[in-house]
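This is what each chain is made of:
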Amino acid sequence: MPIGSEGYRTAEVTLGGVDTSGLNSRTMEARTVDGLYFIGEVVDVTGWLGGYNFQWAWSSGWAAGTAIAERTG
Ligand SMILES: Cc1cc2nc3c(=O)[nH]c(=O)nc-3n(C[C@H](O)[C@H](O)[C@H](O)COP(=O)(O)OP(=O)(O)OC[C@H]3O[C@@H](n4cnc5c(N)ncnc54)[C@H](O)[C@@H]3O)c2cc1C
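Just so we're clear, the structure is a prediction, and the values are computed from it rather than from any experiment.

Parameters and conventions
- Residues numbered from 1 in each chain as written.
- Predicted model: local features only at pLDDT ≥ 70, side-chain atom pairs only at ≥ 80, totals over all residues.
- Heavy atoms only, no water.
- Salt bridge = Lys/Arg side-chain N within 4 Å of Asp/Glu carboxyl O.
- Helix = DSSP H or I, 4+ residues; strand = E, 2+ residues; numbered from the N terminus.
- Buried < 20%, exposed > 50% of the residue type's maximum accessible area, 1.4 Å probe, protein only.
- Near = heavy atom within 4 Å.
- Polar contact = N/O pair within 3.5 Å; in protein donor to acceptor, adjacent residues only side chain to side chain.
- Areas by Shrake-Rupley, 256 points an atom, 1.4 Å probe, with all protein chains shown as cover.

K.L.:
I tried to follow the pattern of salt bridges on my own but got confused; where do I start?
P.N.:
Any two side chains of opposite charge can pair, so long as their charged atoms come close to each other. Counting across every chain of the model gives three salt bridges. Asp-34 is the partner of Arg-71 in a salt bridge, and the nearest nitrogen-oxygen pair spans 3.2 Å. Remark: Asp-34 occurs in the segment before α1 (52-72) and Arg-71 occurs in helix α1; sequence separation between them is 37 residues. Arg-71 sits in the partly exposed class, given a relative accessible area of 44%.

K.L.:
Looking at this model, I keep getting lost on the site of the ligand. Mind explaining?
P.N.:
Neighbouring the ligand are the residues Ala-11, Glu-12, Gly-40, Glu-41, Gly-51, Tyr-52, Asn-53, Phe-54 and Ala-57. At a separation of 3.5 Å, an oxygen atom of the ligand approaches a polar backbone atom of Tyr-52. For the ligand, whose free accessible area comes to 1,000 Å², the fraction covered by protein is 35%.

Everything listed here is a matter of coordinates, which is why it stays silent on function.
What follows is the structure, given as structure tokens:
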């Protein structure tokens, strides 16, 4: 049974961050601030080790980038 961690020295992913309830899940744009986007590690999304955090970073980045391209035409 785990009794602790090795701390930030060996950490590979962190808990916490921008609350997903404050974001549009299709565009990653903040619900209350027009034109403000959050993606990847800064958002409160944490995956198992094995590629899920990379996938989240790339997928949320793609979603935000696509939305920004659409609005700027
Ligand atoms: C040791 C280690 C191993 C990992 N292994 C895996 C793994 O096997 N599989 C997996 O899925 N995930 C893994 N992760 C997690 C994964 O790397 C992250 O979830 C992912 O890289 C987050 O991407 P991001 O673009 O959101 O943030 P980051 O990759 O942290 O990119 C943020 C960038 O912003 C830059 N930056 C910061 N401040 C400023 C500023 N003021 N101005 C300009 N630029 C700035 C930084 O230099 C950095 O380049 C690992 C993490 C670590 C630390």
